[in-house]
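Structure assessment
Single-letter residue listing:
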Amino acid sequence: MTIGRSTLSDQIVREIISEIKQRDLQAGDEVPAEGELAERHGVNRLVIREAIRTLVARGVLVSSQGKRARVAVPSPAVLEQILEFRLNQNSMDLRDLIDTRQVIEGALARRAASRVAAGHGTVDEAEQALAAMHDHTGDPDGFIAADLAFHQAVADLANSNVLSFILSAMNGVLLDVRRTSFQGREQRGSSHGETIDAHREILDTVVAGDPDAAAEAMSRHLTETSHDLGL
């Protein structure tokens, strides 16, 4: 049976990814030239070029005219695009994303509290973000930016690369949702101070090193966010 070029290209994609791992290539490192890759994998340059284009599209490599492809800096942009497309195509809904966010952020809050209890990391960045929320209660964009910074600070403290990566992708998709939540809070007469208090509760439980309480505080906050969205 003859292997189609697209199937062969997919195979080369997997082999190049495996080679990157085996050679421990890091962000910015060059992969071998097209000719070398073609000879090594026993295919022509067209197949190699197609494989490289696929890897660039997936965010694994970066490529520029006349230069060797390099290993890309890891970015959640590709996952963000997939989530946004699925949401726009109605193959997933907002409730799906909010529920997933609850699972991820609850786990991150739990891990953050555990790490603080073990003497790892500080909450300085979360404190700064919380102070910024106080300063921007009348400024939707500033308040949302500070809100994002707070949740990212908790994620950084949790030190979970996979969960933080997924959360970063979701944050881009849910940016408009955060604006809607901000407006919904005002429409139902709820004070932004209540939102700040919810974040303070999350931070206090993390500082106390209480994983269960931190996860519960995060869950309560995100449940209120769902109410602001009418979910």
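Each remark here, short or long, concerns the structure printed above.
The following refers to the structure shown. (Residues numbered from 1 in each chain as written. Predicted model: local features only at pLDDT ≥ 70, side-chain atom pairs only at ≥ 80, totals over all residues. Heavy atoms only, no water.)

1. Structural notes on empty space enclosed by the protein
Space left empty within the atom packing is revealed by a probe, the size of a water molecule, rolled over the atoms. All told, the structure shown has 2 cavities of 30 Å³ or more when counted by the stated rule. Of all the secondary structure elements, the ones that give two or more residues to the lining of the largest cavity are α5 (94-117), α7 (140-158), α9 (175-187) and α11 (211-228). In the lining of the largest cavity, the residues fall into 8 nonpolar, 4 polar and 4 charged. Around the second largest cavity sit Ile16, Glu19, Ile20, Arg23, Leu25, Val31, Pro32 and Leu37, which together line it. Looking at which element gives the most residues to the lining of the second largest cavity, the answer is helix α1 (residues 5-22), with 3 residues. (1 Å grid on protein atoms, 1.4 Å probe; cavity = no way out; pocket = protein on both sides within 12 Å on 5 of 7 lines; lining within 4 Å. Points joined across faces, edges and corners; volume = space filled by probe spheres on them. Helix = DSSP H or I, 4+ residues; strand = E, 2+ residues; numbered from the N terminus. Nonpolar A, V, L, I, M, F, W, Y, C, P; charged D, E, K, R; others polar.)

2. Considerations on the packing of helix α4 (residues 77-88) against helix α8 (residues 161-173)
In contact at an axis separation of 8 Å, α4 and α8 are set at 45° when each is read in the N-to-C sense. Considering the angle they form, α4 stands oblique to α8. Taken as a pair, α4 and α8 cross one another with a handedness that is right-handed. On α8, the residues touching Leu79, Glu80, Leu83, Glu84 and Leu87 of α4 are Phe165, Ile166, Ala169, Met170, Gly172 and Val173. (Axes fitted to C-alpha atoms, helices over the stretch in contact; angles between N-to-C directions. Parallel < 35°, antiparallel > 145°, perpendicular 65-115°, else oblique. Left-handed = near helix turned anticlockwise from the far one by under 90°. Contact = heavy atoms within 4.5 Å.)

3. Notes on the side chain of Glu19
Among the structural elements, Glu19 can be located in helix α1. With near-sequence residues (within four places) excluded, Glu19 lies in contact with Pro32, Leu37, Arg40 and His41.

4. Some details on α11
It helps to recall that an α-helix has 3.6 residues per turn; residues three or four apart then point in one direction. If you check α11, its first and last C-alpha atoms are 26 Å apart, about what 18 residues at 1.5 Å a residue would give, namely 26 Å. Of the positions making up α11, those classed as buried are Ala213, Ala214, Ala215, Ala217, Met218, His221, Leu222, Thr225, Ser226 and Asp228. Backbone geometry just downstream of α11 places Gly230 in the positive-phi region, at approximately 75°. (Expected span 1.5 Å × (residues − 1). Buried < 20%, exposed > 50% of the residue type's maximum accessible area, 1.4 Å probe, protein only.)

5. Quick word on the layout of surface pockets
Of the voids in this model, the largest pocket is the one considered here, and its volume is about 260 Å³. Along the walls of the largest pocket sit 15 residues, with Glu34, Ile52, Ser63, Ser64 and Lys67 positioned nearest its centre. Sort the elements by how many residues they give to the lining of the largest pocket and helix α3 (residues 45-57) lands first, with 4 residues. Among the residues making up the lining of the largest pocket, the classes are represented as 6 nonpolar, 4 polar and 5 charged. In this structure, the second largest pocket encloses a volume near 200 Å³. When its residues are assigned to classes, the lining of the second largest pocket shows 8 nonpolar, 2 polar and no charged.

6. A short note on the environment of Val56
Its location among the elements puts Val56 in helix α3. It is 9.2 Å that separates the C-alpha atoms of Val56 and Val71, two residues lying 15 residues apart in sequence. Residues within four places of Val56 in sequence aside, it is in contact with Leu61, Val62 and Ser63.

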